[in-house]
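# Summary of the model geometry
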Amino acid sequence: MCGIAGIVAKTNVNQDLYDALTVLQHRGQDAAGIVTFEHGKINQRKDNGLVKDVFHTRHMQRLLGNIGIGHVRYPTAGSSSPALAQPFYVNSPYGISLAHNGNLTNAAELSKELFQSDLRHLNTESDSEVLLNVFAHELQKLGKLVPAAEDVFAGVSGVHHRCKGGYAVVAMIANYGIIGFRDPNGIRPLVYGVRESAQGKEYMLASESVALDALGYKLIGDVAPGEAVYIETSGEIHVRQCAEPADYRPCIFEHVYFARPDSIMDGISVYKSRLRQGERLAEKILREHPNHDIDVIVPIPDSSRIAAQSMAAKLGVKFREGLVKNRYIGRTFIMPGQSARKKSVKQKLNAIGLEFKDKNVMLVDDSIVRGTTCQQIIEMARDAGARKVYFASAAPPVRYPNVYGIDMPSANELIAHGRDVEEVRAEIGADWLLYQDLDDLISCSSEGNPKITNFECSVFNGNYVTGDVDQAYLDKLEADRNDDSQNERNAVVGEGALIGLHNDVS
Ligand SMILES: O=P(O)(O)OC[C@H]1O[C@H](OP(=O)(O)OP(=O)(O)O)[C@H](O)[C@@H]1O
Ligand SMILES: NC(=O)CC[C@H](N)C(=O)O
Ligand SMILES: [Mg+2]
């Protein structure tokens with residue numbers, strides 16, 4: 001899951017983009033980039049690392065201009081090389097930079113088309129570079145010297161026509177403005193907002209509303225599925241539906257794990273969905289195990305805290321922060337490579353012994369994906385003297401790969417793939433394992449916005465909403481992106497064998 005932001009303001013946007021990316025850092029920790037436009041010149045800085053490490057004062061001083069876009073990356077295609085850091089840039093037509101959250105499921109076919117029919121060169125394995133070139137080609141074929149809003153929207157329609165998968169995009173067209181758009185199912189999130197300044201209205205697009213809040217922008221709303229929002233450099237705003245109507249299916253995993261709880265997505269408060277997730281878990285316990293003997297509920301920080309709290313309140317059981325998190329370690333799930341993930345869980349979390357000793361402890365997490373976290377925490381709880389260790393997941397078993405922007409490419413790496421609940425319980429070493437039911441999870445989110453009755457839930461049920469994902473695609477994805485292949489690819493990058501293009505690292 002990457003984070004994207006775009007701003008059209010009346011003064012320099014560099015600091016605001018930096019701040020927005022910092023607020024969106026939880027969506028991608030691998031690379032960061034900002035591109036701005038100033039007096040006929042595009043300024044760019046991108047590299048691997050956290051926002052605070054990529055942008056130094058010397059970069060910020062040069063990232064001048066009143067319009068710009070930014071990106072924080074969590075790779076789902078290609079390597080972790082700095083050459084794949086975003087935004088990507090093409091010079092024709094107009095000079096376009098683009099930042100993408102999501103994943104295209106037909107990137108391989110499109111790459112061929114781009115080369116053979118559109119006569120375009122791709123420099124990396126990034127699906128986002130593919131998306132940018134499709135957009136550029138669709139604009140170029142209109143042959144306009146100066147693109148009007150209509151033309152930009154026609155370019156977006158062309159993207160919807162050709163690209164499949166999940167995508168939320170911000171793109172900067174040099175001299176003209178910033179466009180934001182979302183895939184026809186609205187799988188990936190995108191919101192926009194407005195801020196009044198002395199010189200007039202300023203606009204911002206971002207993956208999550210929390211970035212708007214932090215910068216004093218008022219949320220206008222979500223970019224609807226298939227809709228595009230174009231803000232000209234002058235500040236004039238245009239909104240247009242650019243795709244045929246399709247099912248509104250936002251990714252439910254945003255509500256489970258990815259998004260910050262203080263974000264509102266598709267009109268749904270992430271915080272409230274997580275509160276409801278905890279309540280549903282408690283109801284399931286009261287229904288199925290009314291005589292449970294849980295002494296204490298302990299969340300696995302950070303993402304499960306809210307659900308664990310509401311679960312404890314509903315059950316009338318003590319809630320205790322029995323695990324302390326080292327605030328300097330990032331999110332482990334989005335780290336590339338299983339060995340980094342494994343090592344980080346131990347560095348990240350430590351148990352407070354007295355909350356475990358001689359107690360029946362119910363550990364709560366938002367989800368169990370590879371099982372890296374829960375296996376180690378259950379061991380930790382036992383070492384701390386727990387009598388019984390129970391485990392609850394606020395999401396159902398994750399059994400299928402994700403193809404829309406979450407790096408879960410390999411079914412075999414998922415602990416619940418091909419295992420029933422009892423087998424997972426035995427594997428993670430818990431005395432009791434409780435999963436949320438999918439219908440309950442869906443209702444926790446749809447209660448926030450009754451207009452959305454279904455979500456993109458493929459990791460739980462294997463139904464891929466774009467309809468183009470078959471076993472052959474999944475097999476290829478698994479072969480390309482399982483942990484071993486990624487390690488191999490990234491080892492080459494580590495040796496410095498790749499040379500980044502458009503990557504101003506001075
Ligand atoms: O089963 P696994 O493969 O371990 O994945 C699931 C875990 O990973 C995430 O935590 P993470 O540390 O990434 O972030 P958090 O601090 O936001 O909870 C998630 O919240 C679970 O704890
Ligand atoms: N997580 C994402 O949104 C990834 C975006 C894009 N597919 C990349 O790998 O850079
Ligand atoms: Mg976690």
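Residues numbered from 1 in each chain as written. Chains lettered and ligands numbered in written order. Predicted model: local features only at pLDDT ≥ 70, side-chain atom pairs only at ≥ 80, totals over all residues. Heavy atoms only, no water.

### Examining the sheet that holds strand β13 (residues 237-241)
On the basis of which strands lie adjacent, the open sheet formed by 6 strands has the order β5-β6-β7-β8-β12-β13 and antiparallel pairing. Here the strands that pair on one side only, and so sit at the sheet edges, are β5 (88-90) and β13. For this sheet the average axis-to-axis angle between neighbouring strands, irrespective of direction, equals 20°. Pairing geometry for strand β6 (residues 96-104) and strand β7 (residues 165-173), over 9 bridges, is antiparallel. Bridge assignment links H100 to a residue of β7, and that residue is V169. Contacting β7, β8 (177-182), β12 (227-232) and β13, helix α6 (residues 149-162) crosses the sheet at an angle of about 35° to β8. (Pairing = 2+ DSSP bridges. Helix = DSSP H or I, 4+ residues; strand = E, 2+ residues; numbered from the N terminus. Axes fitted to C-alpha atoms, helices over the stretch in contact; angles between N-to-C directions. Contact = heavy atoms within 4.5 Å.)

### Here we look at the site of ligand 2
As a structural note, the neighbourhood of ligand 2 is formed by 15 residues, with C2, R73, N101, G102 and D127 the closest of them. In the environment of ligand 2, a nitrogen atom lies 2.8 Å from a nitrogen or oxygen atom belonging to the backbone of Y74. The protein chains hide 100% of the 300 Å² of surface that ligand 2 would expose on its own. For the shell around ligand 2, the elements supplying multiple residues, two or more each, are β6 and α5 (127-140). Element by element, the count of residues in the shell around ligand 2 is highest for β6, at 4 residues. (Near = heavy atom within 4 Å. Polar contact = N/O pair within 3.5 Å; in protein donor to acceptor, adjacent residues only side chain to side chain. Areas by Shrake-Rupley, 256 points an atom, 1.4 Å probe, with all protein chains shown as cover.)

### As for the packing of aromatic side chains
Under the criterion given, the structure shown has 11 aromatic pairs. Between F253 and Y257, the aromatic rings sit 6.2 Å apart at their centres with planes inclined by 55°, giving tilted as the arrangement. Of this pair, F253 and Y257 both sit in helix α8 (residues 253-258), 4 residues apart, roughly one helical turn. Both residues of the pair, F253 and Y257, belong to the buried class. Consider the rings of Y390 and W432, whose centres lie 5.2 Å apart with planes at 70°: the pair is edge-to-face. With Y390 in strand β21 (residues 388-393) and W432 in strand β22 (residues 432-435), this pair connects stretches of sequence that are 42 residues apart. In this pair, the class of Y390 matches that of W432, namely buried. The ring of F88 is capped by K46, whose NZ or CZ atom sits 4.7 Å from the centre of that ring. (Phe/Tyr/Trp six-rings, centres within 6.5 Å; stacked < 30°, edge-to-face > 60°. Buried < 20%, exposed > 50% of the residue type's maximum accessible area, 1.4 Å probe, protein only. Lys NZ or Arg CZ within 6 Å of the ring centre and 35° of its normal.)

### Section: the UniProt feature "binding site: Mg(2+)" (unreviewed entry) in the protein chain
Look at the UniProt record and you will see "binding site: Mg(2+)" (unreviewed entry) annotated at S303, D365 and D366. Taking the farthest pair of C-alpha atoms as the criterion, the annotated set spanning 64 residues converges on one region, since that pair is 7.3 Å apart. Structurally, S303 can be placed in the loop between β16 (296-299) and α10 (305-315). Here S303 falls in the buried class, since its relative accessible area comes to 13%. In this structure the side chain of S303 is engaged in a polar contact, spanning 3.1 Å, whose partner is the side chain of R331. Structurally, D365 is set in strand β20 (residues 360-365). (UniProt positions renumbered as here; feature names shortened; annotations may be inferred.)

### Quick look at the pairing of β16
A two-sided burial pattern is seen for β16, the buried positions comprising V296 and V298 on one face and I297 and P299 on the other. Read from β16 through α10 to strand β17 (residues 318-319), the crossover connection turns out right-handed. When β16 meets β20, the two strands line up parallel, connected through 4 bridges. By the bridge assignment, V296 is partnered in β20 with V361. (Right-handed = clockwise from strand over helix to strand, strands pointing away.)

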